[in-house]
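Below, each chain spelled out in residue letters.
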Amino acid sequence: MKLKTIVRTIACILLVSLVEGKSQDYGRHIELSLLFYECQRSGPLPKTNRIYWRHDSMVDAGKDVGIDLTGGYYDAGDNVKFNFPQAATITLLAWSGVDFADGYKKAGQYEYLLDAVKWGTDYFIKCHSGKNELYVQVGNGSIDHGDWVAPEYMQYEYPSYKIDASNPGSDVAAETAAALAAASLLFKESDSSYASTCLSHAIEIYDFADKYRESYHKSVPEAQGYYTSYSGYVDELAWGAAWLLRATGEEKYNEIYSAIADKEYGEWDLNKYTGCTGPISWDDKRPGAYVLMAMVTKDEKRMKAAYDYCDTIIKQPRTPGGLWYDTQLSMWASNRYAANAASMVGMFASILPETDSKRKDYIDFVKSQIDYILGDNPANVNYVVGAEDNSPKAVHHRGASGTYGAEDSCIPPFNVFTLYGALAGGPGSDDSYIDSRSNYQMNEVALDYNAGFTMCLAELLHFGLGTKDGALKFDRAWPQRAMIPDISISMDNTGFKISTGSNMICGSWCVSWTSDQDFGGIYHGAVIKDEKPNYTVCNDRDTGYLDGDGGVQYASFNIMGDFTPPTEFEVLCDGYHYGKPPVYLPENGHLYKVVAPGGPENTTPLFENGDCWPSHIC
């Protein structure tokens, strides 16, 4: 291990051990979680965009196949739209809104939930390009993972992949149908026309999934290694049938479900439907189907399946600090699996009478898992990014990192931008945690990580639990406070030096000036403009970020003879990415006028600078 990595790791451990925060403000965490989904949006962003460092991206998605595939969500810290986990996420978000609307309304977040779901379902409707045709992925994971770059600055291709009658994918198709069917119920009162549209697509997509049966990773090899359907497609067919039964009331869907659920399976059958003891996940939908069918039918057999499942879950092992932990799964994103397990237990508890002795046990289990995640844990970490001063600051995410280079050595080691609401992967089996970007098991984030977690928060509010936190004052608190403009710059005949103060951090930066001087041979900088009288030089791959604490960065040149340096500069904070060629998008960053030598009194924003960013949220 390199010395700098050891130092970073020790620093992160010390930071975690010195700060403590335990929150039960479930409403505020719903707000943060829905903000995370806004951080993940792809395509042209609306004017109401609340994440100041996110901008339009993949605006021509689908151009390779002549179809508009813009919109939807990037999967994790990468820049690929994997529809399988995305659809699983939308299904759970929509379901939580259908049955726990009161929880979202108590949090003041119901409209934002509708917006989050619709951003996904609008995209799925675009992907349904024919009766037996569905686009299921935009972007290639292997290509994407070769370049640490925010989606706004991608220069590589992002191909589109589909399934059809010749190359089917029952799992991703049935999950997409489930998402659209759940959304049809969510929008039934507020937008009946849109609800009807969602349902018609759900029915047609499900018919396609049922008629042409196959696992989608066999038809889309580019999904293998990322979202291979390990559990097969039978669970998604059952799950989709359960949702269409709830959305339509048609008995045929009950019959489809029963044919799967009541079949005799061998003890070692990999596609066995009964007896699941793990959490619901992007891959395994059996727990959700057990609970949903109990809710819809109230049939004694379906109720027993749900009881048996929930009883098994709450009795399973936990970490010493109390986090539900599955030795086969939880080593990769333990918080996700604990929240997913709790989400179905809480959902089932919501239909049980208060006289049922198991109801309280189920609710207590949900609360214990969410409270652990929100800070009631041995590491004293609130695992929701931007929730507390002790929340993770280095989750694995290209866009939020504000950096470029090799992903394991990018600087700064913490993220320049706050990925509000993202649920960090979580601790190990001994409750230990290291906040490091390269620790994928503990510090990845993804759409599906937040889905069951958000459902649990809404459940707890529905059950009348939770308390509001007091005033939160720390650097990364939501809403993001506008940075204090504080840039210092000097130039002589050997080059220029630049630094920032007042905690004004710029992951990338550019300096522009006008001069009649010839500045040929600029080193330690990426030259954007070098024709008299206009010059723009940015930091290159080997030049560091502006740290907000006076750390000096520079570019070099050598001018012979008389030289009168300019006294006014334009400095771009962010909005630039070093690539081949560099991507210079000042509209994505913040421009400042700096009169040398600079400082707060000589740094003037060249944009509407409100109390927070973006200004419309304050």
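Above this text sits the structure in question.
A quick note: this is a predicted structure, and the numbers were derived from the prediction, not measured.

Peer 1: Help me understand helix H14 (residues 334-349) in this model?
Peer 2: Side chains that are three or four residues apart share a direction in an α-helix, a result of its 3.6 residues per turn. Counted at 1.5 Å a residue, the expected span for H14 with its 16 residues is 22 Å, and the 23 Å between its end C-alpha atoms agrees. H14 sits mainly inside the fold: 16 of its 16 residues count as buried.

Peer 1: How should I be thinking about the pairing of strand E6 (residues 509-514) in this particular structure?
Peer 2: Side chains on a regular strand alternate between the two faces of the sheet. For E6, the tally of buried residues reaches five of six residues, placing the bulk of the element in the interior. Sheet analysis places E6 next to strand E10 (residues 568-573), joined by four bridges and oriented antiparallel. Considered in E10, the bridge of Cys510 is made with Leu572. Here five bridges tie E6 to strand E8 (residues 534-538), and the two strands are oriented antiparallel to one another. Within the sheet, the bridge partner assigned to Ser512 lies in E8 and is Thr536.

Peer 1: I tried to follow the pattern of salt bridges on my own but got confused; where do I start?
Peer 2: Opposite charge on two side chains allows them to pair when their charged atoms are near. Enumeration over the complete set of coordinates arrives at 26 salt bridges. In this structure, Asp376 and Lys22 form a salt bridge, with 3.9 Å as the shortest nitrogen-oxygen distance. Placement of Asp376 in the loop between helix H15 (357-373) and helix H16 (398-401) and of Lys22 in the loop between helix H1 (3-18) and helix H2 (26-39) is noted, with a sequence separation of 354 residues between them. For Asp376, a relative accessible area of 41% translates into the label partly exposed. Between Glu133 and Lys162 there is a salt bridge whose closest N-O contact spans 2.8 Å. You can see Glu133 sitting in strand E2 (residues 133-138) and its partner Lys162 sitting in strand E3 (residues 160-164), a full 29 residues away along the chain. Salt bridges here are not isolated pairs; linked through shared partners, they connect Arg28, Glu388 and Asp469.

Peer 1: I keep staring at the environment of Ile351 and nothing clicks. Help me out?
Peer 2: Summarising the element assignment, Ile351 is placed in the loop between H14 and H15. On the accessibility criterion, Ile351 (24% relative accessible area) is partly exposed. Residues Ile351 and Leu472 lie 121 residues apart in sequence; the distance between their C-alpha atoms is 35 Å. Excluding residues that lie within four positions of it along the chain, Ile351 makes contacts with Ala294, Met295 and Met303.

Peer 1: Help me understand the packing of aromatic side chains in this model?
Peer 2: Aromatic ring pairs are described here by two measures, namely the spacing of the ring centres and the angle between the planes. Taken as a whole and judged by the stated rule, the model has 36 aromatic pairs. With a centroid separation of 5.0 Å and 85° between ring planes, the pair formed by Tyr383 and Tyr433 is classed as edge-to-face. Here Tyr433 lies in the loop between H16 and helix H17 (440-443) and Tyr383 lies in the loop between H15 and H16, a separation of 50 residues in the sequence. On the basis of relative accessibility, which here comes to 6%, the residue Tyr433 falls in the buried class. Both rings, one in Phe519 and one in Phe557, keep their centres 5.1 Å apart while their planes meet at 85°; by these two values the pair is edge-to-face. Taken together, the residues span a long stretch of sequence, with Phe519 in the loop between E6 and strand E7 (526-531) and Phe557 in the loop between strand E9 (553-556) and E10 at a distance of 38 residues. Classification of Phe519 by relative accessible area gives buried; the value is 2%.

Peer 1: So what exactly am I meant to see when it comes to the nonpolar core here?
Peer 2: As a rule of thumb, nonpolar side chains are buried together in soluble globular proteins. Among the nonpolar cores identified, the biggest contains 193 residues, and Trp95, Tyr257, Phe348, Ile370, Leu419 and Phe496 are the most heavily contacted of them. Ranked by residue count, the leading element in this core is helix H7 (residues 170-186), at twelve residues. With residues up to four places along the chain from it excluded, the contact list for Leu419 reads Phe36, Cys39, Gln40, Trp53, Val385, Val395, His397, Ala400 and Val445. Listed in part, the six residues of the second largest apolar core include Cys510, Ala526, Leu572 and Tyr576.

Peer 1: Looking at this structure, I do not really get the sheet that holds strand E14 (residues 603-605). What am I missing?
Peer 2: Strand pairing in a sheet takes place through backbone hydrogen bonds and is either antiparallel or parallel in direction. The six strands lie next to each other as E7-E8-E6-E10-E13-E14, forming an open sheet whose pairing is antiparallel. Two strands lie at the open edges of the sheet, namely E7 and E14, each paired on one side alone. Neighbour-to-neighbour, the strand axes of the sheet open up by a mean angle of 20°, direction not taken into account.

Peer 1: Would you take a moment to explain the pairing of E10 for this structure?
Peer 2: Where E10 meets strand E13 (residues 590-595), six bridges bridge the pair, whose relative direction is antiparallel. Counted as the bridge partner of Phe569 is Val594 from E13.

Peer 1: Even after reading the chapter, I still don't get the side chain of His29, so can you show me in this structure?
Peer 2: Secondary-structure assignment places His29 in helix H2. Once residues within four sequence positions are removed from consideration, His29 is found in contact with Ser23, Leu374, Asn382, Val384, Ala387 and Leu457.

Peer 1: What exactly am I supposed to notice about unusual backbone geometry here?
Peer 2: Negative phi characterises most residues that are not glycine, and trans characterises most peptide bonds. The linkage connecting Ile411 with the following residue, Pro412, adopts the cis geometry, with an omega of 0°. Mapped onto the elements of the fold, Pro412 is located in the loop between H16 and H17. In the segment running from Lys580 into Pro581, the intervening peptide bond is cis, with an omega of 0°. With respect to the element layout, Pro581 can be found in the loop between strand E11 (576-577) and strand E12 (583-584). Notably, Ala333 is not glycine yet its phi reads approximately 75°, a positive angle. Following the sequence through the fold, Ala333 ends up in the loop between helix H13 (300-314) and H14. Given a relative accessible area of 0%, Ala333 falls into the buried group. Even without being a glycine, Asn380 presents a positive backbone phi close to 55°. Tracing the backbone through its elements, the reader meets Asn380 in the loop between H15 and H16.

Peer 1: What should I look at first to understand the state of the cysteines in this one?
Peer 2: Working definition: the covalent bond between the sulfur atoms of two cysteines is a disulfide. According to the stated counting rule, one finds three disulfides in the structure shown. Two residues, Cys506 and Cys573, share a disulfide whose sulfurs are 2.1 Å apart. Taking the sign of the torsion about the S-S bond as the criterion, the disulfide between Cys506 and Cys573, at about -110°, is left-handed. You can see Cys506 sitting in the loop between strand E5 (495-500) and E6 and its partner Cys573 sitting in strand E10, a full 67 residues away along the chain. With respect to burial, Cys506 and Cys573 carry one shared label: buried. A sulfur-sulfur separation of 2.0 Å characterises the disulfide bridge that pairs Cys510 with Cys538. Between Cys510 and Cys538, the S-S dihedral sits near 105°, and the bridge is therefore right-handed. Here Cys538 lies in strand E8 and Cys510 lies in strand E6, a separation of 28 residues in the sequence.

Cut-off values and rules
Residues numbered from 1 in each chain as written. Predicted model: local features only at pLDDT ≥ 70, side-chain atom pairs only at ≥ 80, totals over all residues. Heavy atoms only, no water. Helix = DSSP H or I, 4+ residues; strand = E, 2+ residues; numbered from the N terminus. Expected span 1.5 Å × (residues − 1). Buried < 20%, exposed > 50% of the residue type's maximum accessible area, 1.4 Å probe, protein only. Pairing = 2+ DSSP bridges. Salt bridge = Lys/Arg side-chain N within 4 Å of Asp/Glu carboxyl O. Contact = heavy atoms within 4.5 Å. Phe/Tyr/Trp six-rings, centres within 6.5 Å; stacked < 30°, edge-to-face > 60°. Core = buried A, V, L, I, M, F, W, Y, C linked by side-chain atoms within 4.5 Å. Axes fitted to C-alpha atoms, helices over the stretch in contact; angles between N-to-C directions. Disulfide = S-S within 2.5 Å.

Just geometry here; none of it tells us what the structure is for.
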